[in-house]
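Survey of secondary and tertiary structure
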Amino acid sequence: MIAPSDRTPLPREFFARPVLDVAPDLLGRILVRSTPDGPIALRLTEVEAYDGPNDPGSHAFRGRTARNAVMFGPPGHVYVYFTYGMWHCMNLVCGPEGEASGVLLRAGEIVEGAELARTRRLSARNDKELAKGPARLATALGVDRALDGTDACTTGDTPIRILTGSPTPSDQLRNGPRTGVAGEGGNGDAHPWRYWVADDPTVSPYRPHVPKRRRS
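Report follows, based on the coordinates. (Residues numbered from 1 in each chain as written. Predicted model: local features only at pLDDT ≥ 70, side-chain atom pairs only at ≥ 80, totals over all residues. Heavy atoms only, no water.)

What about the pattern of salt bridges?
Close approach of charged atoms allows side chains with opposite charge to pair. Operational definition: Within this document, salt bridges are pairs made up of a side-chain nitrogen of Lys or Arg and a carboxyl oxygen of Asp or Glu, the two lying within 4 Å of each other. Numbering of helices and strands runs from the N terminus, with a helix taken as a DSSP run of H or I at least four residues long and a strand as a DSSP run of E at least two residues long. Relative accessible area decides the class of each residue, using a 1.4 Å probe on protein chains only: under 20% of the type maximum gives buried, over 50% gives exposed, and in between gives partly exposed.
Counted by the stated rule, this structure contains 13 salt bridges. Two residues, Glu46 and Arg106, come together in a salt bridge whose shortest N-O distance is 2.9 Å. In this pair, Glu46 is assigned in strand E2 (residues 38-50) and Arg106 in strand E5 (residues 101-112), connecting sequence segments 60 residues apart. Of the charged contacts in the structure, one is a salt bridge between Glu46 and Arg194, with a shortest N-O distance of 2.7 Å. Here Arg194 lies in strand E8 (residues 194-197) and Glu46 lies in strand E2, a separation of 148 residues in the sequence. Residues Glu46 and Arg194 agree in their burial class; the two are buried. Within the structure, one salt-bridge network assembled from shared partners comprises Glu46, Glu48, Arg106 and Arg194.

Points about a nonpolar patch on the surface
The condition that has to hold: Patch membership is restricted to residues that have no salt bridge and whose relative accessible area is over 30%. Joining uses 9 Å for like charges and 5 Å for the nonpolar side chains Val, Leu, Ile, Met, Phe, Trp and Tyr. Here the open area of atoms and residues is found with the Shrake-Rupley method and a 1.4 Å probe, where only the protein chains shown may cover a residue.
On the surface, Tyr84, Met86 and Trp87 cluster together into a nonpolar patch covering about 400 Å² of accessible area. Its place among the elements puts Met86 in the loop between strand E3 (78-83) and strand E4 (87-94).

Some words on helix H4 (residues 134-141)
Most of H4 is tucked away: 6 of the 8 residues are buried. Where H4 terminates, the next one or two residues include Gly142, which has phi positive at roughly 70°.

Considering unusual backbone geometry
Trans is the common state for peptide bonds, and a negative phi is the common state for residues other than glycine. The backbone of Tyr84 sits at a positive phi, close to 55°, despite the residue not being glycine. Within the element layout of this structure, Tyr84 appears in the loop between E3 and E4. Backbone geometry places Ala100, a non-glycine residue, at a positive phi of 60°. Among the secondary structure elements, Ala100 is positioned in the loop between E4 and E5.

Quick notes on the packing of aromatic side chains
Convention followed: A pair of Phe, Tyr and Trp rings is counted when the ring centres sit within 6.5 Å of each other, with Trp represented by its six-membered ring. The angle between the planes then sorts it: under 30 degrees is stacked, over 60 is edge-to-face, the rest tilted.
Summed over the entire model, instances satisfying the criterion amount to 2 aromatic pairs. Seen from their ring centres, Phe14 and Phe15 are 5.0 Å apart, and the 75° between their planes marks the pair as edge-to-face. Judged by relative accessible area, Phe15 falls into the buried class, the value being 0%. Judged by centre distance (5.8 Å) and plane angle (40°), the rings of Tyr79 and Tyr81 are tilted.

Structural data, given as structure tokens:
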């Protein structure tokens, strides 16, 4: 259950900061996904930062497109993309409007609405796996491209809201290379921008990018 003191929505000013400040500060926060079937609440345990034009691993590195347009909009909005022809992934837009930085939500613990999440994640062996990885997280929450551009900071009704939760203490924070990022963006020394809660069982395993081999 979420304590009443943890249910205060995060203001837009929280997201209107450099992405490398926002990303680790999101750990321990609560994402609430409201659906016609009921709400699901998730405690964030793993995220990755992407710094737009300063980051070769970012979708916005080469500029604005129809796909990434939301990243250039106001902070506190949801950016959803479709990948590998089958999965959706969810991000939160950060920084000043026009700079296109964002945080990929990689994993979390379902703290309310697990029954509903299980109906969407039938292959999960236990509740710790319901949102263990960005595609699993989006699937468990029922997130798809229809939610791209959603304002998570509005005072009105919204399908996605980010609550204060319980920020993770600094001694429990860890960071390292981002998962599966190719090219210069996958340089862990230059971009150790994956953040997670130490020893949390819902955090996904790290996997480096593996180039596809051409058939001879």
